[in-house]
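Chain by chain, the residues run as shown.
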Amino acid sequence: MNLSMKDKIIKRFLEAKDEPISGQQLADDLGISRTAIWKHLQNLQEEGYEFITIKKKGYKLIAVPDRVDAAKISSYLKTKRFGHTIHYFEEIDSTQRLAHQLARDGAKDGTIIIAEEQTGGKGRMQRTWYSAKGKGIWMTVIVRPDLLPHQAPQLTLIAAVSIVMAMKSLYTNFTPEIKWPNDILINGKKCVGILTEMLAEMDRVDGLLIGIGINANHEQTDFPDELQEIATSVAIEEKQKVDRAQLVAEILSYLERYTDEYIENGFKSIKQLWVEHSCTIGKRIRASTIREVIEGQAIGITDEGVLEILLDNGQIKKVYSADIEI
Ligand code: BTN
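Note that residues are indexed from 1 along each chain, following the sequence as it is written. Where totals are concerned, whole chains, interfaces and linings use all residues; where local detail is concerned, this predicted model gives features only for residues with pLDDT of at least 70, and gives and counts side-chain atom pairs only at 80 or more. Heavy atoms throughout the structure, all of them, feed into the side-chain values; hydrogens and water do not.

Here we come to the overall build of the protein. Only runs of H or I of at least four residues qualify as helices and only runs of E of at least two qualify as strands under DSSP, and these elements are numbered from the N terminus. Along the backbone of the protein there are 9 helices and 14 strands. For a compact globule the rule gives 2.2 Å times the number of residues to the power 0.38, and the radius of gyration it is set against comes from C-alpha atoms. At 22 Å, the protein has a C-alpha radius of gyration in line with the 20 Å of a compact globule built from 326 residues. For the protein, the C-alpha atoms occupy an extent of roughly 80 × 45 × 30 Å along the three principal directions. For the exposure calls, accessible area comes from a 1.4 Å probe over protein chains only, and a residue counts as buried if that area is under 20% of its type's maximum, exposed if over 50%, partly exposed in between. Within the protein, buried positions represent 51% of all 326 residues. Partitioning the intrachain contacts of the protein with sequence separation of at least 6 by distance along the chain shows that 63% fall at a separation of at least 24. None of His or the chain ends enter the tally, which takes Lys and Arg as positive and Asp and Glu as negative. Taken as the charge location is NZ of Lys, CZ of Arg, CG of Asp or CD of Glu. Within the protein, one finds 42 positive and 47 negative side-chain charges whose respective centroids are separated by 3 Å. We call two residues in contact when some of their heavy atoms are within 4.5 Å.

What follows is the structure in structure tokens.
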């Protein structure tokens, strides 16, 4: 794992939970002097971490700033590769934009870029993505599987399934559902958006940039007027504030697991999970594409993630990109 000394110290404290750690122990574990440890602890206090000294035992971490940084994520991480390199920012224009650059420069499979705030968050169809400070999970995961370009959309579906499974494993007060192509709704309101972009050559995927935007700790009043009726957050639905770093780590676990399973055994089981958690399939829908409005019953998705709609005249229509009303 690629952590700075500061992050290694925080991770060590987070993993020790309520146990104090002595300065000597820390110095030995991390291979630096006790004075250096003490200096790091001073700097951390300035950033909002609070420590108390327990006589003869050492330091105990008693308060952590509400951030979704590398130390916090990695203290929860159980993966083999995903999230082992974390680029964390207080503020960025778009994690997606930086991901393009890092992927072109050879970033490893599973590298993540995550920020407290995006000033130019990108949504699907050239929309902007509202990314409030300290409230959400604004992250891009660089995935570099050995795939052919036509298989790339399957990774987007894997991302949606991974987020749903992560939410189901951590929270109990709501059931997330996938709305085609890739929104996650809770009680009919949008909570997560996914934007997948690809770096590819004619016959080979060079990298996939899976951009994930999750409304995590927003209160209803945090959303701008135009989103009031259609957006929700995990905290609103779970009825309590959530630990964003824990959710990130859980998503990365599922994403790694399902990506590996897909490469090994194909798409079938993942597609089944997607369909099981979808609120689109089986419903009568109205799909607005750039060219037309199509009404009918959503009957399934193809392996490429294309939506199949059964029209009233019995014809089956394939929809590649559209806004869906259910
Ligand atoms: C959508 O339109 O539903 C997709 C939204 C994707 C937003 C995420 S937030 C992290 C990453 N960086 C961006 O600029 N966009 C994606």
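Moving on from the coordinates now.
Attention shifts here to the domain arrangement of the protein. Accessible area lost upon the coming together of the parts is a frequently used measure of interface size. By the assigned domains, the protein splits into domain 1 (5–63), domain 2 (70–276) and domain 3 (284–325). Facing the 5 residues of domain 1 at the interface are 5 residues of domain 2. The term buried area means the drop in 1.4 Å probe accessible area that two parts suffer when joined, counted for both and summed. Buried area between domain 1 and domain 2, both sides added, is near 390 Å², and the carbon and sulfur share of it is 73%. Contact with domain 2 buries surface across domain 1, with D7, K11 and L14 losing the most and accounting together for 81% of the total. We count a salt bridge whenever a side-chain nitrogen from Lys or Arg sits within 4 Å of a carboxyl oxygen from Asp or Glu. Between domain 1 and domain 2 we count 0 salt bridges in total. Side-chain atoms alone can form a polar contact between residues adjacent in sequence; in general such a contact is a pair of N or O atoms within 3.5 Å, and within protein one must be able to donate a hydrogen while the other accepts it. Between the two partners, domain 1 and domain 2, sit 0 residue pairs in polar contact (both at pLDDT 80 or more). Residue type decides the class: Asp, Glu, Lys and Arg count as charged, Ala, Val, Leu, Ile, Met, Phe, Trp, Tyr, Cys and Pro as nonpolar, and the leftover types, Gly among them, as polar. Here the residues of the side of domain 1 that touches domain 2 are counted per class, giving 2 nonpolar, no polar and 3 charged. For each domain, the first and last residues come from an automatic or database assignment.

Let's shift gears to helix α5 (residues 95–104). Counting buried positions along α5 yields 7 of 10 residues, so the element is predominantly enclosed. Inspection of α5 places T95, Q96, L98, A99, H100, L102 and A103 among the buried residues, and these make up the whole buried set. Of the surrounding elements, those touching the buried residues of α5 are β3 (86–92), β4 (111–118), β5 (136–143), β8 (189–201) and β9 (204–215). For α5, the capping residue at the N-terminal end is S94, with a side-chain oxygen 3.1 Å from the backbone nitrogen of Q96. Looking one or two residues past α5, G106 carries a phi angle of roughly 95°, positive in sign.

Before going further, it helps to examine the pattern of salt bridges. By the definition in use, this model includes 26 salt bridges. Ionic pairing is found between R67 and E47, a salt bridge with its closest N-O pair at 3.2 Å. Within this pair, whereas R67 is found in the loop between β2 (58–63) and α4 (70–76), its partner E47 is found in the loop between α3 (34–46) and β1 (50–54), the two being separated by 20 residues in sequence. A relative accessible area of 29% means that E47 is categorised as partly exposed. One salt bridge in this structure joins K135 and D222, with 3.1 Å as the shortest N-O distance. In this pair, K135 sits in the loop between β4 and β5 while D222 sits in the loop between β9 and α7 (234–238), placing the two residues 87 residues apart along the sequence. We classify K135 as partly exposed; its relative accessible area is 23%.

Any residue with a heavy atom lying within 4 Å of a molecule or strand is counted as near it. Taken together, 20 residues are adjacent to the ligand, and S94, Q118, K122, R124 and K190 come closest. One of the backbone nitrogen or oxygen atoms of K122 is found 2.7 Å away from an oxygen atom of the ligand. Accessible surface is estimated by sampling points in the Shrake-Rupley manner with a 1.4 Å probe; for residues, cover comes only from the protein chains shown. Considering the ligand on its own, with 410 Å² of exposed area, one finds that the protein chains cover 98% of that surface. Where the shell around the ligand is concerned, the elements lending two or more residues are α5, β5, β8 and β9. If you tally residues by element for the shell around the ligand, the top one is β8, at 4 residues. The residue makeup of the shell around the ligand, split by class, is 6 nonpolar, 10 polar and 4 charged.

Quick look at the pairing of strand β13 (residues 316–319) now. As judged from the 4 bridges shared by strand β12 (residues 307–310) and β13, these two strands associate in the antiparallel manner. Considered in β13, the bridge of E308 is made with K318. At least two DSSP bridges between two strands are required for those strands to pair. The hairpin formed by β12 and β13 contains 5 residues between the paired strands, and G314 there has a positive phi angle of roughly 90°.

Our focus in this paragraph is the sheet that holds β5. Strand order across the open sheet formed by 7 strands is β3-β4-β5-β9-β8-β7-β6, with mixed pairing between neighbours. The open sheet has two free edges, formed respectively by β3 and β6 (176–179), since each of these has just one partner strand. On average, each strand axis in the sheet is inclined to that of its neighbour by 20°, with strand direction left out of account. By the bridge criterion, 10 bridges tie β8 to β9 in an arrangement that is antiparallel. Opposite G193, over in β9, you have G213 as the bridge partner. Convention adopted: a line fitted to C-alpha atoms gives each axis, helices being fitted over their contacting stretch, and angles between N-to-C directions are expressed from 0 to 180 degrees.

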